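This is what each chain is made of:
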Amino acid sequence: MALLEQKIKEAKTGNQKAFSYLLDVFWSEVYAFQLKRTDNENDAEDITIQAFSKAFDRIETYDENLSFKTWLIAISKNIHVDMIRSRQNSTRNTTSSEDNEAKTIADESPTIEDQLITEQSLNHLLTTIKQLKEPYRTVIQLRYLNEKSYKEIAKIMNISLSNVKVTLLRAKKILAELLKNNFS
């Protein structure tokens, strides 16, 4: 059995090293594909991360008769299409609201209530981040609060770049679940 087939089978059983292996092998190809489509490094990176996240969540549905690379790229294409649709809908909504704003001039500075809600939301988010276990808490703080690059995070945490990506994927999922449960 080929190494790739073995790693896919191991990943289907939840083996973290197999996930890292697949991420290492296919990251640059999926990222390069999306970079050509989006012509934007941040979008390409976000789409690639989401594609791997979705693929790892649903790896048990992968059909071994298909190319794993093709499966990943198909997932990334769908994510990109969803992103475009979302932005188009956002633009349409913005246009209609801009028409309404042209009719009425309003003070757009945040009210005291708005500031309080924003502050409470931020405090809730920070409190939830503190609930994360290591290394998830650290990777979220470094990436989103300290705005560190993946390379910087890898150096600070003394882990591989692929480990940073996998850890960040998992941290975001856990954080989203905690936030969802706290608001429910």
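Residues numbered from 1 in each chain as written. Predicted model: local features only at pLDDT ≥ 70, side-chain atom pairs only at ≥ 80, totals over all residues. Heavy atoms only, no water.

- The protein chain appears in an unreviewed UniProt entry as Sigma-70 family RNA polymerase sigma factor from Capnocytophaga canis.
- Note on the protein chain: under the UniProt heading Sequence similarities (unreviewed entry), the record states "Belongs to the sigma-70 factor family. ECF subfamily." (UniProt positions renumbered as here; feature names shortened; annotations may be inferred.)

### Some points on the side chain of Thr128
(1) Moving on: In this fold, Thr128 is placed in helix H5 (residues 112-131).
(2) Moving on: Judged by its relative accessible area of 1%, Thr128 falls in the buried class.
(3) Moving on: Not counting chain neighbours up to four residues away, the residues in contact with Thr128 comprise Leu175, Leu178, Leu179 and Asn182. (Helix = DSSP H or I, 4+ residues; strand = E, 2+ residues; numbered from the N terminus. Buried < 20%, exposed > 50% of the residue type's maximum accessible area, 1.4 Å probe, protein only. Contact = heavy atoms within 4.5 Å.)

### Topic: the packing of aromatic side chains
(1) Moving on: Per the counting criterion, the structure on display carries eight aromatic pairs.
(2) Moving on: Ring plane angle 50° and centroid distance 4.6 Å describe the contact between Phe19 and Phe56, whose orientation is recorded as tilted. Taken together, the residues Phe19 in helix H2 (residues 16-38) and Phe56 in helix H3 (residues 41-57) connect sequence positions 37 residues apart. Both residues of the pair, Phe19 and Phe56, belong to the buried class.
(3) Moving on: Ring centres of Tyr62 and Trp71 lie 5.2 Å apart, and the angle between their planes is 55°; on these two criteria the pair is classed as tilted.
(4) Moving on: Through a chain of ring-to-ring contacts, three or more aromatic side chains come together here, namely Phe19, Trp27, Tyr31, Phe52 and Phe56.
(5) Moving on: Sitting over the face of the ring of Tyr21, Lys7 holds its NZ or CZ atom 5.5 Å from the ring centroid.
(6) Moving on: The ring of Tyr150 has Arg143 lying over it, and the distance from NZ or CZ to the ring centre is 4.4 Å. (Phe/Tyr/Trp six-rings, centres within 6.5 Å; stacked < 30°, edge-to-face > 60°. Lys NZ or Arg CZ within 6 Å of the ring centre and 35° of its normal.)

### A look at the packing of helix H6 (residues 136-145) against helix H7 (residues 150-157)
(1) Moving on: At a closest axis distance of 10 Å, the pairing of H6 and H7 adopts a crossing angle of 140°. In this view, H6 runs oblique relative to H7, as classed from their interaxial angle. The element H6 and its partner H7 pack so that their crossing is right-handed. On H7, the residues that touch Thr138, Val139, Leu142 and Arg143 of H6 are Tyr150, Ile153, Ile156 and Met157. (Axes fitted to C-alpha atoms, helices over the stretch in contact; angles between N-to-C directions. Parallel < 35°, antiparallel > 145°, perpendicular 65-115°, else oblique. Left-handed = near helix turned anticlockwise from the far one by under 90°.)

### Structural notes on the environment of Thr61
(1) Moving on: Relative to the assigned elements, Thr61 resides in the loop between H3 and helix H4 (68-103).
(2) Moving on: Since its relative accessible area comes to 54%, Thr61 is described here as exposed.
(3) Moving on: In terms of polar contacts, Thr61 uses its side chain to reach the backbone carbonyl oxygen of Arg58, at 2.6 Å. (Polar contact = N/O pair within 3.5 Å; in protein donor to acceptor, adjacent residues only side chain to side chain.)

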